[in-house]
Amino acid sequence: MTAAASSETRNGLDRLKDLKRLSFVDVILWALRIGVLIVVVGGSIGTLIKGRYSMEQWFDFFMFGLTIGGIYALIALGYTMVYGILRLINFAHGDITMTGAFSAYFLARGLDRSGFLDANPVISMILIMGLAMIICSAIALAVERICYRPFRHVATLAPLICAIGASFFLQHSFRGMYGSSIRAYPDPEWMKGQVNFLSFEVPLYQFVVIGISLAAMLFLYLVVQRTKMGTAMRAVSEDRDAASMMGIDVNKVILFTFILGGCMAGIGGVLYCMVYKQIYFYMGFLPGVKAFSAAVLGGIGNIPGAMLGGLFLGVVESIGPALFLDGIGIAAPYQLRDLIAFTMLVMVLIFRPQGILGERLATKRA
Amino acid sequence: MKLKKFLKGTVVAATFAAAAWTLPQVQAEETKGPVTDEIGVVMIPKGAPIFIGGYWTISGPDTALGLDQQRGAEIALDDWDGMVAGHKVKFVVEDSQCNAEGGQTAATKLASNQNMVVVVGPDCSSAGTPGGPILWKAGIPSVATSTTAPTLTAADRPEGLHGYLRTIYNDLSAGAADAEYFFNEMKCTTMATVHDGSPYAEQLVRVAEGRFTELGGKVVAAEAVTPTDVDMRPLLTGIATTKPCVLYFPIFVASAAQIVRQSSEIKGMEGTTIIGGSALMAPGFLEAVGDSAVGFRFTNPDASDDAFGERYPQLVKQYEEKYGEKPIQAFHANAYDGMAVALMGIEKVAKTDADGNTYIGRKALRDALFATKDYDGIGGKISCNEHGDCAGFKFAVYEFTNGDPSTFEIGTNPKKIHP
């Protein structure tokens, strides 16, 4: 036997061994990847060939997605920052969002009834969002103090359970205080206009929502990257003990993180209500779950990741049913919207377990 | 160690035994006092109350739907002076939450009371579908008051629903009437539909689609949402591409409100009339929609005085006196009739012995309820067939005239626009 032949045999044997090492789970995962790819590619081709939707409608879908995605991103920032600093999933964050938006509802309704909201849109929005931010931050701080701090040095699931408990507590306190009916958020005249953008007619509120979310995210990014407190936050998230030895007041940093997260939640909650016009005690749960998924999707602990994850999830939710499912003739595709969003989440995590931008976390934190 | 194992085993066995004992079960043939019954007899000692249950939606966005019916049933009970067969009635009400989980929990709670004789309600088909069988398994018949899904009283319904009857119409009539209105009155030949996966909405939509196609119309889009969906814009954009003449969505308050608010923003929906269903006859809907409700139409059983029985104005008067407001939804008369049918059934089969104790045969009561014929009910004539359908259907279309919830009053806001 020549050397070349024997090396070929060895290669063949190695490959066989590799195959043997392929577990049942691997096979299922590969089948899932291929299956989803077939649905996505086949469905998209089918839909585009059918030509049911015009270019303008695709653009509308994209803008709907960016609008809700921007809100998911704002809420996701709260999850991701707290995780970055404390390695804790703050499950109550979705409901903290609700508390701000619910409290601001009463102010918004008052301003609307007095005509102030229509007459002074900018001042009114600053007041409404300001109130929501204050309430969200205050409740976030209270939750941190009561539910998380006692467990900070305990390596168990207790803080997670406590977070879920806090979530129920907030929901049902608001139900108890304000009842379980759905209330209509005001619908000011100035939000009903249309704007011409790239020769497409786009509702003004979409620009307002996307603009405010992007501005808030940029502000947050600058705070974290350019200020002393932001540097301290990054230091604590790298290594809490080392940061503490360098003279950083870890407690202060954690409080600051909860305040920042609360502010973003306050803005996100009000925007959510301005777009969907409804508020009730349970409204924080679903956006909370979606925003948490967005944070995981982008790479939990990573701030630009949460923004990207939120926008990605929003756009997939909006475009997905029409693009992927219409083409393969699935009836009533919109009820599968959440399924599509979460399948995409699973797919991204199968291909990139650390999330889209989660690279830097992979070695040290995960 | 052995002792520990033994103790553990004993605890597990005891738990299972306790669970099995507490599960409500239909007993075999039983004789108590003068009554023998195939599935069991309830004995009510002299002076003790007779338990009647009720379960409706009394929390959440659809509260008006359930609360209105609870009130209707309570007024019926007042008309009987709170007494039946010589005993005081203890009326126990649970929350059906208008969903399957709520229905299951409420029915289980009611069924766990072994003295429960009959249950009035629920209001939502999604709650009645699991609730009815749980109650009937415990030998308790249910008189539903606004569950309209066809499967609940279909000839081939499961055994568990054999104790289930209703003093409300069947959606086989409502869906067909809706489709006929769209095709004949609105002159629409294309229709899009949206349901929310609940048995009520899905079955109603299917019936309407079938009838609409039969008439020569075309269903251009059949979509579905989940009751918690808030972003309807992509859905409506998709529907707009098919340019339907009418968009029919007989779903509940939360998601219907989103469709109403968002449809005006969607390009391509300008030529489409949107029409909801009877769950939207509620002040809560105005609370959720605000001013966008003005001009919005929905189909509903006719709730005007002349559509009901002669005694309806009297019921409205009692309603206002007792609760300080006008009726808040459309099914209080059906609930009144439901309670009346239940009370009459009990009167018919209850037997009292010399000591003053009363005995009610469970199967006998079920049969007596199903045998109700030509009762002049407040919601109309009540005559039950062998499957449990007891009431007819009178079609109407309503339109909201004001977005302020405090102006809600059936007849003016919303006002009847057809027939």
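Position numbers for residues count from 1 along each chain, tracking the sequence in the order it is written. As they are written, the chains are lettered A onward and the ligands numbered 1 onward, keeping that order. Under the rules for a predicted model, residues below a pLDDT of 70 receive no local features and side-chain atom pairs below 80 are neither given nor counted, while totals for whole chains, interfaces and linings still include all residues. Heavy atoms throughout the structure, all of them, feed into the side-chain values; hydrogens and water do not.

Every helix listed is a DSSP run of H or I at least four residues long, and every strand listed is a run of E at least two residues long, numbered separately from the N terminus. Summing up its helical and strand segments, chain A has 15 helices and four strands in all. Summarising its shape, the C-alpha atoms of chain A cover approximately 95 × 60 × 40 Å along the three principal directions. Within chain A, the proportion of its 366 residues that are buried is 50%. Partitioning the intrachain contacts of chain A with sequence separation of at least 6 by distance along the chain shows that 77% fall at a separation of at least 24. Here the open area of atoms and residues is found with the Shrake-Rupley method and a 1.4 Å probe, where only the protein chains shown may cover a residue. Total accessible area on chain A stands at roughly 16800 Å², and carbon and sulfur atoms take up 69% of it. Of note, chain A has its 29 positive side-chain charges centred 7 Å away from the centre of its 21 negative side-chain charges. The rule is simple: take the accessible area with a 1.4 Å probe, protein chains only, and divide by the maximum for that residue type; under 20% is buried, over 50% is exposed, in between is partly exposed. For this analysis, residues touch if any pair of their heavy atoms sits within 4.5 Å. In this count, Lys and Arg are taken as positive residues and Asp and Glu as negative ones, while His and the chain termini are left out. Here the site of a charge means NZ on Lys, CZ on Arg, CG on Asp, or CD on Glu.

The pairing test for Phe, Tyr and Trp rings, Trp by its six-membered ring, is centres within 6.5 Å, and the orientation test on the planes gives stacked under 30 degrees, edge-to-face over 60, and tilted for anything in between. Using the criterion set out here, one finds 31 aromatic pairs over all chains in the structure. Where Phe174(A) meets Tyr178(A), the ring centres are 5.6 Å apart and the plane angle is 55°; that geometry is what we call tilted. On the criterion of helical spacing, the pair formed by Phe174(A) and Tyr178(A) is a turn pair, its members being four residues apart in helix α7 (residues 158-178). On the accessibility criterion, Tyr178(A) (27% relative accessible area) is partly exposed. Between Phe182(B) and Tyr248(B), the aromatic rings sit 5.1 Å apart at their centres with planes inclined by 65°, giving edge-to-face as the arrangement. Of the two residues, Phe182(B) sits in helix α5 (residues 171-185) while Tyr248(B) sits in strand β12 (residues 246-249), which places them 66 residues apart along the sequence. A connected cluster of aromatic rings, assembled from ring pairs, spans Phe102(A), Tyr105(A), Phe106(A), Phe174(A), Tyr178(A) and Tyr185(A). For the cation-ring pair, Arg33(A) lies above Trp30(A), with the distance from its terminal atom to the ring centre recorded as 4.3 Å. Working rule: Lys NZ or Arg CZ, within 6 Å of ring centre, within 35 degrees of ring normal, means a charge sits over the ring. The aromatic ring of Phe351(A) is capped on one face by Arg33(A), whose charged end is 5.1 Å from the ring centroid.

All names here are of chain A. The predictor's confidence in any single residue is recorded as pLDDT, a number from 0 to 100. Scored by pLDDT, chain A has a mean of 85; 92% of the residues are at 70 or more. Of all helices and strands in chain A, the one with the weakest mean pLDDT is helix α15 (residues 359-364) (48), whereas helix α6 (residues 121-148) scores best (92). Confidence over residues 361-366 falls short of pLDDT 50; this stretch has 11 contacts with residues more than four positions distant or in other chains.

Cysteine sulfurs are considered disulfide-paired once they come within 2.5 Å of each other. Counted under the stated rule, the structure contains three disulfides over all chains. For Cys384(B), the disulfide goes to Cys390(B), at an S-S distance of 2.1 Å. Between Cys384(B) and Cys390(B) the sulfur-sulfur dihedral comes to about 105°; the bridge is accordingly right-handed. Of the two residues examined, Cys384(B) and Cys390(B), each falls in the buried class. By sequence order of its bonded cysteines, chain B has the disulfide arrangement 1-2, 3-4, 5-6. Free of any disulfide, Cys136(A) has its nearest cysteine sulfur in Cys263(A), 8.3 Å distant. Classification of Cys136(A) by relative accessible area gives buried; the value is 0%.

It is worth spelling out the pairing of strand β3 (residues 200-203) of chain A at this point. Residues and elements named next belong to chain A. Think of it this way: DSSP has to see at least two bridges between two strands before they count as a pair. Here four bridges tie strand β2 (residues 194-197) to β3, and the two strands are oriented antiparallel to one another. Across the sheet, the residue bridging to Gln 194 is Pro 203, located in β3. Linking β2 back to β3 in an antiparallel pair, the connection comprises two residues, with Leu 198 at a positive phi of about 50°.

Moving on, we come to the sheet that holds strand β19 (residues 395-399) of chain B. Through backbone hydrogen bonds, the strands of a sheet pair up, either in parallel or in antiparallel fashion. Residues and elements named next belong to chain B. In space, the seven strands of this open sheet follow the order β11-β10-β12-β13-β14-β19-β20, with mixed pairing throughout. Every other strand in the sheet has two partners, leaving β11 (218-224) and β20 (415-418) as the edge strands with one partner each. Taking each pair of neighbouring strands and ignoring which way they run, the sheet shows an average axis angle of 30°. Bridge analysis of β19 against β20 gives three bridges, and the strand direction is antiparallel. For Val 397, the partnering residue across the bridge sits in β20 and is His 418. A fitted line through C-alpha atoms serves as each axis, taken over the contacting stretch for helices, and the angle formed by two N-to-C directions is quoted from 0 to 180°. Packed on one face of the sheet, helix α6 (residues 199-215) meets β10 (190-195), β11 and β12 and runs near 170° to β10. Helix α8 (residues 253-263) rests against β10, β12 and β13 (273-276) of the sheet, and its axis sits at about 155° to β12.

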